[in-house]
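Fold and contact review
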Amino acid sequence: MASHIVGYPRMGPKRELKFALESFWDGKSSAEELQKVATDLRSSIWMQMADAGIKFIPSNTFSYYDQVLDTTAMLGAVPPRYGWNGGEIGFDVYFSMARGNASVPAMEMTKWFDTNYHYIVPELGPDVKYSYASHKAVDEYKEAKALGIETVPVIVGPVSYLLLSKPAKGVEKSFSLLSLIDKILPVYKEVVAELKAAGARWIQFDEPKLVMDLDAHELQAFTHAYSELEATLSGVHVLIETYFADVPAEAYKTLTSLKGVSGFGFDLIRGTKTLDLIKGGFPSGKFLFAGVVDGRNIWANDLAASLDTLCTLEAIVGKDNVVVSTSCSLLHTAVDLSNEPKLDKEIKSWLAFAAQKVLEVNALAKALAGHRDEAFFSSNALAHASRKSSPRVINEAVQAAAAALKGSDHRRKTNVSARLDAQQKRLNLPILSTTTIGSFPQTQDLRRVRREYKAKKISEYDYVNSIKEEINKVVKIQEELDIDVLVHGEPERNDMVEYFGEQLSGFAFTANGWVQSYGSRCVKPPIIYGDVSRPKAMTVFWSSMAQSMTTRPMKGMLTGPVTILNWSFVRNDQPRHETCYQIALAIKDEVEDLEKAGITVIQIDEAALREGLPLRKSEHAFYLDWAVHSFRITNCSVQDTTQIHTHMCYSNFNDIIHSIINMDADVITIENSRSDEKLLSVFREGVKYGAGIGPGVYDIHSPRIPSTEEIADRIKKMLAVLESHILWVNPDCGLKTRKYSEVKPALSNMVAAAKLLRTELGSDK
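Given the structure is predicted, the values throughout are model-derived calculations rather than measurements.

About the cut-offs
Residues numbered from 1 in each chain as written. Predicted model: local features only at pLDDT ≥ 70, side-chain atom pairs only at ≥ 80, totals over all residues. Heavy atoms only, no water. Helix = DSSP H or I, 4+ residues; strand = E, 2+ residues; numbered from the N terminus. Rg over C-alpha atoms; globule rule 2.2 N^0.38 Å. Buried < 20%, exposed > 50% of the residue type's maximum accessible area, 1.4 Å probe, protein only. Lys, Arg positive; Asp, Glu negative; His and termini not counted. Charge placed at Lys NZ, Arg CZ, Asp CG, Glu CD. Salt bridge = Lys/Arg side-chain N within 4 Å of Asp/Glu carboxyl O. Phe/Tyr/Trp six-rings, centres within 6.5 Å; stacked < 30°, edge-to-face > 60°. Polar contact = N/O pair within 3.5 Å; in protein donor to acceptor, adjacent residues only side chain to side chain. Contact = heavy atoms within 4.5 Å. Pairing = 2+ DSSP bridges. Axes fitted to C-alpha atoms, helices over the stretch in contact; angles between N-to-C directions.

1. Let's talk about the overall build of the protein chain
Across its full length, the protein chain holds 27 helices and 21 strands. Taking 765 residues into account, the globule formula puts the C-alpha radius of gyration at 27 Å, and the protein chain, at 27 Å, falls close to it. Taking the principal axes of its C-alpha atoms as reference, the protein chain extends roughly 80 × 60 × 50 Å. Per-residue burial over the protein chain gives 61% buried out of 765 residues. For the protein chain, the centre of its 87 positive side-chain charges and the centre of its 95 negative side-chain charges are spaced 2 Å apart.

Right, dumping it as structure tokens:
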């Protein structure tokens with residue numbers, strides 16, 4: 001009975017690692033105390049898998065920060081700014097690379113494929129000296145062995161590692177990272193030799209880059225690397241694991257002919273096309289690790305359907321050569337459903353978190369070997385039947401409204417320049433108008449008030465008064481700073497997605513469904529289980545109250561449908577775009593109610609639009625089409641005089657700028673200051689943009705307060721490529737994580753910079 005888990009969440013069922021890390025970083029606990037928490041977490045995970053009957057249990061998937069950073073440490077590829085002088089890499093150097101320190105910045109962090117996890121990007125170049133500098137993979141293998149548990153050490157494969165890296169500062173952008181393969185392979189050989197000496201029988205190399213669009217040169221690097229490793233790998237079984245999409249035909253050929261490899265792992269949830277490739281031929285005598293249990297969602301597996309797939313595969317590759325596996329690491333799902341006592345019983349029966357997925361993998365492996373657990377299978381079938389027929393899932397009216405969307409592309413009646421003219425007559429704003437992105441600092445007091453209201457410790461009357469006072473304070477601050485378009489500061493909101501999900505039907509929430517985003521930061525995605533609708537207005541009460549406190553325009557603040565979708569666990573019983581259209585219709589109702597209530601500027605944030613972009617270029621157009629369409633649905637019916645803003649994070653936009661223009665917002669504010677102003681290069685290259693645009697003029701992720709001159713310089717750079725009448729002046733992102741002592745002087749300098757340039761432009765209207 002062969003069963004395998006690709007990887008497992010590290011944070012612990014109650015985020016034990018998060019709290020241990022933060023305590024260590026704050027100097028409140030020792031390295032030994034942090035290591036003790038980590039050791040306990042690792043051993044409990046290994047024991048749990050062993051008790052469940054899993055044969056191939058992963059080790060080295062635990063990390064204090066990130067698995068790619070662990071590989072960087074293993075290779076001794078430490079950028080010189082961290083002052084590392086050789087020897088085993090310890091916490092000081094490791095965490096400096098991850099988080100920066102008092103004197104040098106952190107390494108860059110970016111999204112891990114199309115997940116919401118982020119990895120630390122290696123900085124490589126021709127002069128980096130590689131040496132075996134972190135023995136973590138071997139140490140963890142031995143640690144499990146001492147507990148009597150045989151594990152499969154997991155290492156990021158050498159080719160994916162290089163393809164996930166970037167040229168270090170000062171290295172030519174065109175430098176070929178793959179040219180370093182022969183420099184890093186000696187370290188991989190040392191690690192493998194040490195694992196073999198310690199008794200390892202299997203080693204797993206994660207090579208997820210094989211699912212991307214690779215050219216012949218990149219594919220050749222895989223062939224070369226594993227030929228080079230072949231002699232070292234003899235005497236140990238090697239699994240090459242891929243995930244997140246199907247493997248393209250050429251890559252499949254390369255992968256299945258690699259030297260010295262015993263098994264191949266495929267994601268058969270997001271990579272159903274790989275099944276056809278396997279049917280077309282699979283190397284004889286090799287093992288197929290079949291990823292049939294979804295590592296990226298929280299739905300219970302359809303065991304009967306998975307068993308059918310496994311039987312089909314067994315007929316192709318041979319009876320003992322199929323290993324039941326997860327589609328990818330379980331890092332991307334919540335930890336354990338047993339920590340959800342308050343979750344609705346019926347909905348709970350439809351779910352499986354990481355701990356439950358381990359049991360599903362084992363149940364499928366047993367069934368494939370002819371030992372089917374009838375009780376387990378029949379309760380699974382009942383849960384699926386209940387989900388299919390539950391009246392909570394299907395809402396006929398919503399289905400009909402979404403179906404009626406077909407055939408229109410939901411554009412506003414007039415073009416953007418005519419709308420901007422109409423809005424200017426009504427709003428009468430100066431050029432280089434100033435605004436902020438939405439949230440203001442969330443103080444301890446504010447969080448306490450929300451917590452007490454949720455726990456019914458204070459009355460609704462007291463709660464509303466506390467929030468009203470906070471809004472009033474935020475409005476006064478903005479008026480004193482002389483900001484042009486105000487926000488109410490969002491004091492009533494816990495999270496930009498959860499706040500809306502809690503007021504929409506079709507959403508459920510967990511108490512401990514945390515998923516690691518990066519380092520110690522975790523997110524708790526809502527679960528979209530059914531058709532989405534808006535029973536009543538969600539934000540109108542607060543926005544109207546805020547507008548009544550000032551004569552300046554007050555922005556209504558909403559989260560857009562694509563962001564709500566991409567930051568949730570989404571139902572898997574209908575296409576994602578259908579769910580997105582339903583959310584769009586709910587937000588459309590809210591936009592119309594805000595407009596009726598006299599709100600003249602409405603911001604619909606699409607922070608995560610870029611995040612949902614599929615891995616393969618061939619799928620980009622379809623995604624961008626429905627994502628942008630969903631945004632337009634939300635505001636297609638407002639009057640020309642109502643100004644629609646949107647906000648986006650992470651400025652890797654150059655490849656999707658035409659889709660952004662196609663969103664047809666009146667004003668877009670974009671995070672810009674951290675990404676070396678890559679964004680502005682688009683406009684330098686001649687892309688015509690006629691709507692309002694506010695590239696962030698300072699970085700809110702840092703406590704640093706930029707000077708008036710520095711901000712004015714930034715604005716001047718923007719004015720070199722953008723017209724003054726469409727340029728807005730704003731920070732990068734919301735201010736909720738900052739302190740007032742940082743926010744007030746930074747905004748004061750921002751307004752001063754805008755006024756300075758208005759004077760220079762001679763039109764301070």
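2. A few points about the pattern of salt bridges
Applying the stated rule across the entire model yields 43 salt bridges. Here K145 makes a salt bridge to E150, at a shortest N to O gap of 3.5 Å. In this structure K145 comes out as partly exposed when scored by relative accessible area, which is 36%. As a salt-bridge pair, D664 and R419 come within 3.1 Å of each other at their nearest N and O atoms. With D664 in the loop between helix 24 (657-662) and strand 20 (667-670) and R419 in helix 16 (residues 416-427), the pair connects residues that are 245 residues apart, well separated along the chain. Look at D664 and you get buried, because its relative accessible area is 16%. Taken together, the shared-partner salt bridges connect R42, D70, K136, E140 and E143 into one network.

3. Quick notes on the packing of aromatic side chains
Enumeration according to the criterion identifies 28 aromatic pairs in this entry. Ring centres of Y252 and F266 lie 5.8 Å apart, and the angle between their planes is 35°; this geometry places the pair in the tilted category. Highlighted residues: Y252 in helix 9 (residues 249-256) and F266 in strand 9 (residues 263-267), separated in sequence by 14 residues. Overall, the relative accessible area of 6% leaves Y252 in the buried class. Take F266: its relative accessible area is 1%, and that puts it in the buried class. With 5.3 Å between their ring centres and 90° between their planes, Y499 and F500 make a pair best called edge-to-face. Residue Y499 is classed as buried on the basis of its relative accessible area of 8%. By relative accessible area, which is 0% here, F500 ends up buried.

4. Digging into the side chain of Q516
With respect to the secondary-structure elements, Q516 resides in strand 13 (residues 515-518). In this structure the side chain of Q516 is engaged in a polar contact, spanning 3.3 Å, whose partner is the side chain of R10. Among the polar contacts listed, one links the side chain of Q516 to the backbone oxygen of G519, at a separation of 2.9 Å. Excluding anything up to four places from it in sequence, Q516 contacts R10, M11, Y65, Y117, L331, R521 and C522.

5. Some details on the sheet that holds strand 12 (residues 505-508)
With respect to topology, three strands assemble into an open sheet ordered 12-15-17, the strand pairing being mixed. On the outer flanks of this sheet lie strand 12 and strand 17 (569-570), each paired with one strand and no other. Relative to strand 15 (residues 527-533), strand 12 runs antiparallel, the two being bridged by three bridges. Looking across to strand 15, one finds that F507 is bridged to I528. Sheet contacts for helix 22 (residues 576-596): strand 15 and strand 17; angle to strand 15, the most-contacted strand, approximately 50°.

6. Structural notes on the pairing of strand 13
Across three bridges, strand 13 lies against strand 14 (residues 521-523) in antiparallel orientation. The residue bridging Y518 from the neighbouring strand is R521, located in strand 14.

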